[in-house]
Each structure stands twice: as C-alpha cells, then as structure tokens.
Amino acid sequence: MLTHEIEVKTLRHDMMLDITADVVRAVAASGVTHGAAIVYCPHTTGAITINENADPDVTNDMLQQLGKMVPWNQPFYAHDEGNSAAHVKSSMFGCSETIPIVDGKLLLGTWQGIYFCEFDGPRPRRAIVQILDGGQPA
Ligand code: ZN
C-alpha cells in the first residue's frame, strides 16, 4: 500500500501530536526503499510540521507564541464558525511535509519529529501518508 491513513485523536484545543512512529510504520509497510513520503493533513484547521521532538518545551513554546501572534478573538473576524485563528494557523504551518526515503528510512534529522498540529480541537482527525516510489538508485 502506498497510501496510508493515520487516525489522530487530538485531546486539546491546540496541540502538536508526534506522528513520526506512524509514518515510519507506513514507510516500512510500503516496502519502498528509495523515494519520498508526503504527510498530508486534509483539514482546514489542522496542519503538518516537522520540528524538535526531544524537548516537549519546544512545542509548548511554539503553541504559546502562535497564540500570541494569532489571537482567538479579533474584532474584525467575520467568519461565522468563529475559528478564523485556527484557519490562519493552519496556513501558516501548511498542510503537508515531504520527507526523503533512503535505504528504507526517513531522512529525518536526529532531533526532528513529524507533528500533526491541531488548532481547533479536540476532535478526531486523520493524516494521509503518500509514499512515492523512486525505484532503485542507479
Ligand atoms: Zn471555520
């Protein structure tokens, strides 16, 4: 299977959930040794990003700073759903990341992890992993 779906259950209004292990499993199951993995978020108030997964203070600091940069309430927000801040944060982080696969492994740096970002939770979510098969190196 080259397309995998990861079920994500977010537990807070704003959070960054480490899904690296799920992506690693998807790559292993694909049997692809050289190529790339696209990790994609099909939600308009979520995102995918790569950042440090060693110290949890990093993601906490990032979420706090994001909250300061994009306040939940603004007098000019007109969107009826009332979650304009979540839409802004989603586009700031973006809905996908692409990670090279070499020798069957994701080329993540030592301190890098792949995160599903929730900006309007908690709710059930999903992330899509699309594995691109680059064939064998010449
Ligand atoms: Zn909305």
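Note: the structure precedes this text.
Let me sum up the structure you'll find in this document. All values reported here derive from a predicted model rather than from experimental measurement. (Residues numbered from 1 in each chain as written. Predicted model: local features only at pLDDT ≥ 70, side-chain atom pairs only at ≥ 80, totals over all residues. Heavy atoms only, no water.)

### As for the environment of Leu 107
Link 1 in the chain: By the element assignment, Leu 107 lies in the loop between β6 (105-106) and β7 (112-118).
Link 2 in the chain: Taking the C-alpha atoms as reference, Leu 107 lies 20 Å from Leu 17; in sequence the two are 90 residues apart.
Link 3 in the chain: Not counting the four nearest positions on each side in its chain, Leu 107 is found in contact with Ile 99, Pro 100 and Val 102. (Helix = DSSP H or I, 4+ residues; strand = E, 2+ residues; numbered from the N terminus. Contact = heavy atoms within 4.5 Å.)

### Section: the nonpolar core
Link 1 in the chain: By size, the foremost hydrophobic cluster in this structure holds 20 residues, and its most contacted members are Ile 19, Val 23, Ile 48, Leu 106 and Ile 114.
Link 2 in the chain: Looking at this core, the elements with two or more residues in it are β1 (3-9), α1 (20-30), β3 (35-40), β4 (46-52), β5 (96-102), β7 and β8 (124-133).
Link 3 in the chain: Non-local contacts of Leu 106, meaning those with residues more than four positions away in its chain, are made with Val 23, Val 24, Val 27, Ala 37, Ile 99, Pro 100, Ile 101 and Ile 114.
Link 4 in the chain: Ranked by size, the runner-up nonpolar core spans 10 residues in total, among them Leu 63, Ala 86, Phe 93 and Phe 119. (Core = buried A, V, L, I, M, F, W, Y, C linked by side-chain atoms within 4.5 Å. Buried < 20%, exposed > 50% of the residue type's maximum accessible area, 1.4 Å probe, protein only.)

### Section: the pairing of β4
In regular strands, side chains alternate between the two faces of the sheet.
Link 1 in the chain: Counted residue by residue, β4 has five buried out of seven residues, so it is predominantly covered.
Link 2 in the chain: Where β4 and β7 come together, seven bridges link them in antiparallel fashion. Bridging across to β7, Asn 51 finds its partner in Gly 113. (Pairing = 2+ DSSP bridges.)

### Brief notes about the coordination of the zinc ion
Link 1 in the chain: Around the zinc ion, the donor atoms from the protein are His 79 (NE2), Glu 81 (OE), Asn 83 (OD1) and His 87 (NE2), and they sit 1.9 to 2.2 Å away.
Link 2 in the chain: If you look at the zinc ion, its four donor atoms make angles of 89 to 144° with each other, and the shape they trace is irregular.
Link 3 in the chain: Sequence positions of the donors to the zinc ion reduce to the motif H-x1-E-x1-N-x3-H.
Link 4 in the chain: Note on His 79: relative accessible area 36%, which makes it partly exposed. (Donors = N, O, S within 2.8 Å, 3.2 Å for Na, K, Ca; no water. Tetrahedral: all angles 85-135°; square planar, octahedral: opposite > 155°, others 65-115°.)

### Things to note about the sheet that holds β6
Link 1 in the chain: The strand order across the open sheet built from five strands is β1-β8-β3-β5-β6, with neighbouring strands paired in antiparallel fashion. Single-partner strands in this sheet number two, and they are β1 and β6.

### Quick word on helix α3 (residues 84-93)
Link 1 in the chain: Within α3 the residues assigned to the buried category are Ser 84, Ala 85, Ala 86, Lys 89, Ser 90 and Phe 93.
Link 2 in the chain: Looking at the buried positions of α3, the neighbouring elements they touch are β2 (15-18), β4, α2 (56-69) and β7.
Link 3 in the chain: Gly 94, located one to two residues past α3, shows a positive phi value of around 90°.

### Section: the side chain of Thr 10
Link 1 in the chain: Checked against the element boundaries, Thr 10 lands in the loop between β1 and β2.
Link 2 in the chain: Using a relative accessible area of 5% as the deciding quantity, one classes Thr 10 as buried.
Link 3 in the chain: A polar contact of 2.8 Å, which involves the side chain of Thr 10, links it to the side chain of Glu 118.
Link 4 in the chain: At a separation of 3.0 Å, a polar atom in the side chain of Thr 10 contacts the main-chain amide nitrogen of Arg 123.
Link 5 in the chain: Other than its neighbours up to four places away in sequence, Thr 10 contacts Met 15, Phe 116, Glu 118, Gly 121, Pro 122, Arg 123 and Arg 125. (Polar contact = N/O pair within 3.5 Å; in protein donor to acceptor, adjacent residues only side chain to side chain.)

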